Each structure stands twice: as C-alpha cells, then as structure tokens.
Amino acid sequence: MAGPLFFQSGAGCPIIGAVSKTSLPPLFKRLPRNPQERVLDGKRNLKDLTHSEMEEFFLEIGEPRYRAKQVLQWIYNRGVHEFEEMTDLSKKLRAKLADCAVVPTLQLRRVSESESQDTKKYLFDLPQGGEVESVQMRYPDEMGAGRVAVCISSQVGCAMGCNFCASGVMGLKRHLSTWEIVEQVTRIQKDLTPQGERVANVVFMGLGEPLHNYDEVLRAVRILNSPDGLGIGMRHLTISTSGLVPQIQQLSNEGIPLRLAISLHAVRDDLRSQMMPVNRRWNLESLMSACAEYYQKTKRRVTFEYILLSGVNDSREEAEELAELLNRHEIHSLVNLIPWNPVDGVPYERSTPQAIRTFQTTVAKSGIKCTVRQEKGADIDAACGQLRLRDLKERQV
Ligand code: SF4
C-alpha cells in the first residue's frame, strides 16, 4: 500500500471519478502461485524459508535440525550469502549446500539520497524479472540515533487502482515472494551496518497492497520478527492497507500485535470510491467495523493516513466527520495527515498551511491524536513508483 513517501506517486488517473466500476481490480481472485516458489535456478531458495521450513530442509538432506539456526544466523546476522563463507560448517556440508541450495540477493540498480541525507531510496532488480523499490528513513528524535525506518514493497505494481498513484497505473504484475520482501530489509541493513546503524521499524507502505499478497507478507513478517531472522519486534512492523476488509479481519485473528495503518483519504463513500475503487467493494462502514474489530482483538492503536487535497477532502466539515466516524466506532486512533506534493500528470493541489492547521486542530479537539507527516525525500523521487518510472524513462531515451 502506498504510504507516506509513496502516495503521491506518479501519473494516476487524472480526474477524480475517472475510474469506472468496470475497472475494478480483480481483488478477489488469488493469483496462481509461482511454480518456482521457494526454488531458484533449480535449487532450494533458503531465503524463502521460515525457521521451521529450514529445519525440515536440513532433515531432508540428512543433516541435523540445528544446522538451520547456524545458517539463518549467517544469512541474517552477518549478511552472508555464499556458503563458502559459512566457516563453522564443514567443507563437505558447504559443498553439499552449494549443490542443492541457494541464498540469493537482490541486485541494486539505483540509489538516490536526499540532500538532507535522511532519506535514501533503492531500486532493486528482481532475479525473475521486474524491479522493486524501498526507502530508508532516519527519524532520530523518534527512535534514537542510529535507528532507521525502512519502507518496503509487497508487489510489483498494484491492482488497486487508486487514482493518485503510479503503482495503480502500472497494474499488478505479480506478488513478491517472501524472500523478495525480506531481502529489501536485509540489503538496506547491510548498507547501515558499517555505520553501526540498524533497521528499527519496517513499514509495508511501498508498492503494492500488502494484504492482497497476504500469505507471503505474513511469512515475511515472521522472518523479520524471528530472533534468528532480523529480530524486529512485531510492534515495530506496520502493515498499511487500502481497506481489504476480509484480510483485516483475518489479520486480527493472527494473534500478532502488528501495527495496522489504513489509507483512508476520504470520509464520504462517494469521494472515497472515486479515489480508491476498493471502497466500492468495502465501504467506509464495513472498513471501520473491521478496524474496530482489529483494535478490540489486538489492543493496537490503528493509524489512519489521510492525504490532504486542496478543495477535495480538506474542509473543516470533513475533519469533523472524520473525528465522528472514528469516535463512533470506538477505535483508538491516530490520524496522520499527509500534505500533497504535486506530481506530474496528477491535477491535485496542495492544501494551504491554514487548511492543514484547521484540519489538524479540528480532529485533535475531538480527543484523537492528529499529526502532520514529516516530509522526507521530496528531492529524490521518494513517492512510490517514481524512481522506477524515472529509471524506465531514462532507459527509453
Ligand atoms: S494503487 Fe496500490 S500502491 Fe498505490 S496507493 Fe493504492 S493501494 Fe497503494
């Protein structure tokens, strides 16, 4: 799901209301699973395995279960992907692993860093085709010096068709597999390690709708969280969704205290359905009920992202309606306002500073915490799809 950095991401449908009902994305069909899943170049892809699957793999090849922990530590703690470098394994085992398994990595195609050096955007090539984008952000005040947040993608493209987003224009190419999701974090961690920094927070707000790729995203979450994986606490992992109600309900029953963020952007169904076709399938009432259930079951505060568009959704009345909607459903909420940054081809305008302040204070007066998103990376195409689109354009020139 496009998030704070990714929202204003390119040449979305130019006019609110231009998305017809017939253009609704095929949300409800599961894409066929990739037959090459968990296997790469004919070998078992160890980065695509959870801890228990890794143990099964070692048993399958006649090795003790504890080898899984050793190899996981090499992969995730030390960032090693060559068996030859795993020196506490015997030479015989290293050769055996090289014959039947692989520890792949994503190839970095392009990186851009903001002038302030607090935001860095990565474009990775995927071994099976396509590209994926991720962003590294420093929020020293919130997380302590040397701690970094990473925003990752869950799909190549996106089926959701939000009319302000380049990913929606691309359409969905494919789901990312577990390792392609996790590897975005491990590659960035590798970049941070020499400075003694570490990834503290991961947000699924890049390209794609994470809950549309539910199984792979949840597997990735478990690897990111595992002490033998990256050891990032569940409370530091955020999934952002455009509003897939059945998957939100499913997530609330997983028994894991993930942070949930909802890309809301409108408080009236007609406007939200124009901006986000998903609302035609699950309207605001059903979305709010699912969020209330999520809060009741997990006791996790739900974040509502709200992109402010001048004259579209930024009136005082809409701020009051937003507060009423959240309070009526008794959801412990944080509202995060995102001022719009102009994007080529998208005819929205930024709200005035006065309108942003009025919206914020109106929501806050109702007792709901309301923040305005810090803007990061505007000088590096940090919106989702932008780096990829720029790269494509440059290659076509
Ligand atoms: S089209 Fe997809 S990636 Fe873009 S904002 Fe909508 S859900 Fe997010």
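Residues numbered from 1 in each chain as written. Predicted model: local features only at pLDDT ≥ 70, side-chain atom pairs only at ≥ 80, totals over all residues.

**Section: the pairing of strand β11 (residues 237-241)**
For β11, a buried count of four out of five residues is recorded, marking the element as mostly surrounded by other parts of the structure. As paired strands, strand β10 (residues 198-204) and β11 are joined by three bridges and run parallel to one another. Along β11, the bridge assignment pairs V202 with L237. In this region the chain leaves β10, passes through helix α7 (residues 214-225) and returns to the parallel neighbour β11; the handedness of that crossover is right-handed. Summarising the sheet, β11 and strand β12 (residues 259-263) pair through four bridges and their orientation is parallel. (Buried ≥ 20, exposed ≤ 12 C-beta atoms within 10 Å, placed from the backbone. Helix = DSSP H or I, 4+ residues; strand = E, 2+ residues; numbered from the N terminus. Pairing = 2+ DSSP bridges. Right-handed = clockwise from strand over helix to strand, strands pointing away.)

**Points about the packing of helix α1 (residues 51-60) against helix α2 (residues 67-77)**
Where α1 contacts α2, the axes come no closer than 8 Å and their chain directions differ by 125 degrees. As judged from the angle between their axes, α1 and α2 are oblique. Of the two elements, α1 crosses α2, and the hand of that crossing is right-handed. Contacts between α1 and α2 involve H51, M54, E55 and F58 on the former and, on the latter, R67, A68, V71 and L72. Per-class residue counts for the contact of α1 with α2 are five nonpolar, one polar and two charged. (Axes fitted to C-alpha atoms, helices over the stretch in contact; angles between N-to-C directions. Parallel < 35°, antiparallel > 145°, perpendicular 65-115°, else oblique. Left-handed = near helix turned anticlockwise from the far one by under 90°. Contact = placed C-beta atoms within 7 Å. Nonpolar A, V, L, I, M, F, W, Y, C, P; charged D, E, K, R; others polar.)

**Focus: the environment of K69**
Relative to the helices and strands, K69 is located in helix α2. Spatially, the C-alpha atoms of K69 and D228 are 6.7 Å apart, while their sequence positions differ by 159 residues.

**Quick word on helix α12 (residues 316-328)**
The terminal C-alpha atoms of α12, which comprises 13 residues, lie 18 Å apart, in line with the 18 Å expected from a rise of 1.5 Å per residue. Along α12, the residues classified as buried are E318, A319, L322, A323 and L326. Angularly, the buried residues of α12 cover 140 degrees about the axis, an arc narrow enough to put them on a single face. Facing away from the buried surface of α12 by more than 90 degrees, the exposed residues are R316, E317, E324 and R328. Its buried side turned inward, α12 meets β13 (302-308), β14 (333-339) and α13 (353-365). A positive backbone phi angle near 55 degrees is found at E330, which sits one or two residues after α12. (Expected span 1.5 Å × (residues − 1). Arc of directions from axis to C-beta.)

**With respect to the environment of I75**
Among the structural elements, I75 can be located in helix α2. Given 22 C-beta atoms within a 10 Å radius, I75 is considered buried. A C-alpha to C-alpha distance of 9.0 Å links I75 and T186, two positions 111 residues apart in sequence.

**Comments concerning the confidence of the model for the protein chain**
The predicted model of the protein chain averages 85 in pLDDT, with 82% of residues at 70 or higher. Note on residues 2-36: pLDDT under 50 across the span, and 100 contacts to partners over four residues away in sequence or across chains. When the criterion is pLDDT under 50, residues 382-387 qualifies, and its contacts beyond four places in sequence or with other chains add up to 38 contacts. (pLDDT = per-residue confidence, 0-100.)

**Quick word on the sheet that holds strand β3 (residues 101-102)**
Strand order across the open sheet formed by three strands is β1-β2-β3, with mixed pairing between neighbours. With partners counted over all chains shown, the strands left at the sheet margins are β1 (39-40) and β3, one partner each. Pairing analysis gives two bridges linking β1 to strand β2 (residues 43-45), with the strands arranged antiparallel. Counted as the bridge partner of V39 is R44 from β2.

**Considering helix α8 (residues 245-252)**
Among all positions in α8, only V245, Q247, I248, L251 and S252 are buried. For α8, the angular spread of the buried residues around the axis is 165 degrees, confining them to a single face. Elements that come into contact with the buried residues of α8 comprise α7, β11 and α11 (284-298).

**Digging into the sheet that holds strand β6 (residues 131-138)**
Through backbone hydrogen bonds, the strands of a sheet pair up, either in parallel or in antiparallel fashion. Reading across the sheet, the ten strands line up as β4-β5-β6-β7-β10-β11-β12-β13-β14-β15 and stay open at both edges, with mixed pairing between neighbours. One side of each edge strand has no neighbouring strand; the edge strands of this open sheet are β4 (107-113) and β15 (369-372). Strand-to-strand twist across the sheet, computed as the mean angle between neighbouring axes with direction ignored, equals 25 degrees. With six bridges connecting them, β4 and strand β5 (residues 119-125) associate as antiparallel partners. For V111, the partnering residue across the bridge sits in β5 and is Y122. The strands touched by helix α6 (residues 178-192) are β4, β5, β6, β7 (147-151) and β10; relative to β10, the strand with the most contacts, the crossing angle is about 150 degrees. Strands in contact with α7 are β10 and β11; relative to β11, the strand with the most contacts, it is inclined by about 165 degrees.

**A short note on the packing of α12 against α13**
Running from N to C, α12 and α13 cross one another at 30 degrees; their axes reach a closest spacing of 8 Å. Here α12 is positioned roughly parallel relative to α13, judged by the angle of their axes. Judged by the sense of rotation from one axis to the other, the crossing of α12 with α13 is right-handed. Between α12, through R316, A319, E320, L322 and A323, and α13, the contact on the second element is made entirely by T358, F359, T362 and V363. Partitioning the contact of α12 with α13 into residue classes produces five nonpolar, two polar and two charged.

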